[in-house]
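What follows is the residue order along each chain.
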Amino acid sequence: MVKLNKIYTRTGDKGTTGLANGERRSKADLRVEAYGAVDETNACVGLARLHADPRIDAMLAAIQNDLFDLGADLATPPSDTPLEYEPLRIVPSQVTRLETDIDALNADLKPLTSFVLPGGSAFSAALHLARTVCRRAERVTVALAAIDSEKISPEAVQYLNRLSDFLFVASRVANANGADDVLWVPGKNR
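Residues numbered from 1 in each chain as written. Predicted model: local features only at pLDDT ≥ 70, side-chain atom pairs only at ≥ 80, totals over all residues. Heavy atoms only, no water.

A. Just the overall build of the protein, in detail. Regarding its fold elements, the protein presents 5 helices and 4 strands. Reading the secondary structure of the protein in the N-to-C direction produces β-β-α-α-α-β-α-α-β. With 190 residues in all, the protein has 39% of them scored as buried. When contacts within the protein are restricted to residue pairs at least 6 apart in sequence, those whose partners lie at least 24 apart make up 72%. Put simply, the protein shows about 10900 Å² of open surface, and 56% of that area lies on carbon and sulfur atoms. Separation between the mean location of the 22 positive side-chain charges and that of the 25 negative ones in the protein comes to 6 Å. (Helix = DSSP H or I, 4+ residues; strand = E, 2+ residues; numbered from the N terminus. Buried < 20%, exposed > 50% of the residue type's maximum accessible area, 1.4 Å probe, protein only. Contact = heavy atoms within 4.5 Å. Areas by Shrake-Rupley, 256 points an atom, 1.4 Å probe, with all protein chains shown as cover. Lys, Arg positive; Asp, Glu negative; His and termini not counted. Charge placed at Lys NZ, Arg CZ, Asp CG, Glu CD.)

B. Region of interest: the environment of Leu-67. The residue Leu-67 is located in helix H2 (residues 54-74) in this model. Judged by its relative accessible area of 3%, Leu-67 is buried. For the pair Leu-67 and Asp-108, spaced 41 residues apart in the sequence, the C-alpha separation amounts to 27 Å. Excluding residues that lie within four positions of it along the chain, Leu-67 makes contacts with Val-38, Thr-41, Asn-42, Val-45, Tyr-159 and Leu-163.

C. Layout of unusual backbone geometry. Of note in the backbone geometry, Ala-176 takes a positive phi value of approximately 55° without being a glycine. Note that Ala-176 resides in the loop between helix H5 (154-174) and strand E4 (182-183). A positive phi is found at Asn-177, a non-glycine position, where the angle reads about 55°. Structurally, Asn-177 can be placed in the loop between H5 and E4. What makes Asn-177 partly exposed here is its relative accessible area of 37%.

D. Quick peek at a nonpolar patch on the surface. Taken together, Phe-115, Leu-117, Val-182 and Trp-184 make up a surface patch of nonpolar side chains, about 390 Å² in accessible area. Inspection of the secondary structure puts Phe-115 in the loop between helix H3 (92-106) and strand E3 (116-117). (Patch = residues over 30% accessible without salt bridge, like charges linked within 9 Å, V, L, I, M, F, W, Y side chains within 5 Å. Salt bridge = Lys/Arg side-chain N within 4 Å of Asp/Glu carboxyl O.)

E. Geometry of the nonpolar core. Ranked by internal contacts, the top residues of the largest apolar core, which has 42 residues, are Leu-60, Leu-70, Tyr-159, Leu-163, Phe-166 and Leu-167. Elements that contribute at least two residues to this core include exactly helix H1 (30-49), H2, H3, helix H4 (122-145) and H5. Beyond its immediate chain neighbours, meaning those up to four positions away, Tyr-159 contacts Ile-63, Asp-66, Leu-67, Leu-70, Ile-90, Gln-94, Val-95, Arg-97 and Leu-98. (Core = buried A, V, L, I, M, F, W, Y, C linked by side-chain atoms within 4.5 Å.)

F. Structural view of H2. The terminal C-alpha atoms of H2 lie 30 Å apart, and with 21 residues this matches the ideal 30 Å at 1.5 Å per residue to within 8%. Residues of H2 that are buried include every one of Ile-56, Met-59, Leu-60, Ile-63, Gln-64, Asp-66, Leu-67, Asp-69, Leu-70, Gly-71, Asp-73 and Leu-74, and no others. Of the surrounding elements, those touching the buried residues of H2 are H1, H3, H4 and H5. One side-chain oxygen of the residue at the start of H2 lies 3.0 Å from the amide nitrogen of Arg-55, identifying that residue as Asp-53. (Expected span 1.5 Å × (residues − 1). Polar contact = N/O pair within 3.5 Å; in protein donor to acceptor, adjacent residues only side chain to side chain.)

G. Spotlight on the side chain of Glu-150. Checked against the element boundaries, Glu-150 lands in the loop between H4 and H5. The class for Glu-150 is buried, based on a relative accessible area of 12%. Within the local environment of Glu-150, its side chain forms a polar contact with the side chain of Arg-31, the two groups lying 2.7 Å apart.

Pasting the structure below:
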């Protein structure tokens, strides 16, 4: 259980932060960047929810909770040293739930004939913003996983990859099931 009595601790005043296992890292560390980008994604999802219909809002609420799970996963590097608690990790069922939601939302969408520009409705634009921030979180997490001394669960990367797909499909649903999508016209302004 998380307990926050005091918001400022001054422990980060010299540019370090504590991981969930107590280890101190630079605030510029790639692991900190990864879970920070996940937190930014979560904030964007929260903003998108201001425009959501009840069906997609319920999906986004679950996603926001999952993103905190993912942040906890990334903030707790796997270690041979036992912890006093079971670290929270993204599990395959969370990835599968996203796939199920994507399939449900995609069922009524017509296939695309062009790339979609971010925009249309306010809800769609907010979902596109969340998608692009999610893609950045994915890139940073993949870069972190490529470091030999760092360990990342495959489900963490899978979750971010599926989430960006979900946000794209949801953005099309938010644009009247794709009818109001703004399509890219290559070379239109030459």
